[in-house]
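Now for the letters of each chain:
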Amino acid sequence: MEKSTETKEEIRKRVLKLRASVGAKERGAAEQKIRERLFEASFYREAESIYCYVSFRDEADTSGIIENSLRMGKKVAVPRVAGKREMEFYFISGMNDLHPGAWDIPEPDEECAMAPRPDEHTLVLLPGVAFDRTGNRIGYGGGYYDAYLAGNTKCRKAATAFSVQCMEKIPSEEHDVRTEFIITEKELIRCLQDYPLTR
């Protein structure tokens, strides 16, 4: 795809339509391939904790990722909105710990324990609308992940997305959190970044 001259909001609207247009059968097969690629990746296998967004509406489903991670004995934490641009992650033991929260997105129960800030043993799975091959991402405009992960160079960061969400280049700002990896149904993209991809 050619380099975009669109604004973030224009890209967000266009890609959301593209993502919503993925048919049910195609979507299910794509989500299965995304999970398989993620589970085979060393950065996933080596992670002790998975901080994962809970998929909503047309996002690539993450329930299978959460359930598989728990079966493997990994600690799994999911986010709860705490205020404007503020969220915290909480450990869950299963999908039954989730209930509708902000914007009806499933969030962890009040009884769930707060997770510490992600460290070098943590893989954070980032949500997003659009991504490029250098790791830039366009989210939903709330800035929650940018604020939560600001200055954190310890944890690994990956995104799961359908291939229609990936572009050659999207606009970015200095405070935007970039991802190291993008996993789609077609490939695992190792984004070009200033820090090593292996540790």
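Here, residues in each chain are numbered from 1, in the same order as that chain's written sequence. Only residues with pLDDT of 70 or above have their local features reported here, since the model is predicted, and side-chain atom pairs are shown and tallied only from 80 upward, although totals for entire chains, interfaces and linings are computed over all residues. Derived side-chain values reflect all non-hydrogen atoms in the structure, with water molecules and hydrogen atoms excluded from consideration.

A. Quick peek at the overall build of the protein chain. When its secondary structure is counted, the protein chain shows five helices and 12 strands. C-alpha extents for the protein chain along the principal axes are approximately 45 × 40 × 35 Å. Per-residue burial for the protein chain yields a buried fraction of 50% across its 199 residues. Expressed as a percentage of contacts within the protein chain between residues at least 6 apart in sequence, the contacts between residues at least 24 apart total 67%. Total accessible area on the protein chain is roughly 10,200 Å²; 50% of this is exposed by carbon and sulfur atoms. Positive charge is attributed to Lys and Arg, negative charge to Asp and Glu, and no charge count is given to His or to the chain ends. One atom stands in for each charge, and that atom is NZ of Lys, CZ of Arg, CG of Asp or CD of Glu. Averaged over its 31 positive side-chain charges, the protein chain has a centre that lies 3 Å from the centre of its 34 negative ones. Only DSSP runs of H or I with at least four residues qualify as helices, and only runs of E with at least two residues qualify as strands; both kinds are numbered from the N terminus onward. Exposure is judged per residue with a 1.4 Å probe applied to protein chains only, and the accessible area is read against the type maximum: over 50% gives exposed, under 20% gives buried, and values in between give partly exposed. We call two residues in contact when some of their heavy atoms are within 4.5 Å. Computed with a 1.4 Å probe, the accessible areas rest on the Shrake-Rupley method; for each residue, only the protein chains presented here act as cover.

B. Fine view of helix α4 (residues 63-71). Inspection of α4 places G64, I65, I66, N68 and S69 among the buried residues, and these make up the whole buried set. Just past α4, the residue G73 takes up positive phi, approximately 85°.

C. Structural detail: the packing of aromatic side chains. Ring pairs shown here join Phe, Tyr and Trp side chains whose ring centres sit within 6.5 Å, with only the six-membered ring taken for Trp; geometry is labelled stacked below 30 degrees between planes, edge-to-face above 60, and tilted in between. Applying the stated rule across the entire model yields seven aromatic pairs. Here F39 and Y44 contribute two aromatic rings whose centre-to-centre distance is 5.2 Å and whose plane-to-plane angle is 40°, an arrangement assigned as tilted. With relative accessibility at 0%, the residue Y44 sits in the buried group. A ring pair is formed by Y51 and F91, whose centres lie 6.4 Å apart and whose planes are at 90°; its orientation type is edge-to-face.

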